[in-house]
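Inside the fold
So you can see what is in the structure, the chains are spelled out below.
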Amino acid sequence: QVQVVESGGGLVQPGGSLGLSCAASGSMFSFYVYTMGWYRQAPGKQRELVATITRGSSTNYVDSVKGRFTIARDAAKNTVYLQMNSLKPEDTAVYYCYAQVKVLSTMSDYWGQGTQVTVSS
């Protein structure tokens, strides 16, 4: 069984910073994590991609967070981080971690439970 667990999040004022982290783990010995990333969903809106990072550390960001958010990963620990700076009220959303995992010969996507980020004064 694969688990994806997020931590971080909370309430921050506009212009502030916040960090998220996420770890993927599995009970099986043949477990390989490829791309990891973050999505978010604001009330009444569809879930959108925020940032992704491949195992080779190639990154991709949605335009609205470029220059403000930074994604990084520790491949040995199957952990991904999202540093969010210069936060805006429109960044308020539930943030979901995503991991693309291969178990034996099967590739699947796994999601965390989500963590709330609220940007408000």
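Here is a short report on the structure shown in this document. Small disclaimer: the values here were computed from a predicted structure and weren't measured.

Note that side chains of opposite charge can pair when their charged atoms are close. Inspection of the entire model under this criterion finds four salt bridges. A salt bridge links Arg40 to Asp91; the shortest N-O distance between them is 3.0 Å. Here Asp91 lies in the loop between strand S8 (79–84) and strand S9 (93–103) and Arg40 lies in strand S4 (residues 31–41), a separation of 51 residues in the sequence. On the basis of relative accessibility, which here comes to 6%, the residue Arg40 falls in the buried class. Bridged by salt links that share partners, the residues Arg40, Glu48, Arg68 and Asp91 form one connected network.

Let us look at the state of the cysteines. By the definition in use, this model includes one disulfide. The residue that forms a disulfide with Cys22 is Cys97, at a sulfur-sulfur distance of 2.0 Å. For the disulfide bridge between Cys22 and Cys97, the dihedral angle about the S-S bond is near -85°, and by the sign convention the bridge is left-handed. Pair noted here: Cys22 is in strand S3 (residues 18–26) and Cys97 is in strand S9, with a separation of 75 residues, a long-range link. We note that Cys22, like Cys97, is buried.

Reading guide: rules and limits
- Residues numbered from 1 in each chain as written.
- Predicted model: local features only at pLDDT ≥ 70, side-chain atom pairs only at ≥ 80, totals over all residues.
- Heavy atoms only, no water.
- Salt bridge = Lys/Arg side-chain N within 4 Å of Asp/Glu carboxyl O.
- Helix = DSSP H or I, 4+ residues; strand = E, 2+ residues; numbered from the N terminus.
- Buried < 20%, exposed > 50% of the residue type's maximum accessible area, 1.4 Å probe, protein only.
- Disulfide = S-S within 2.5 Å.

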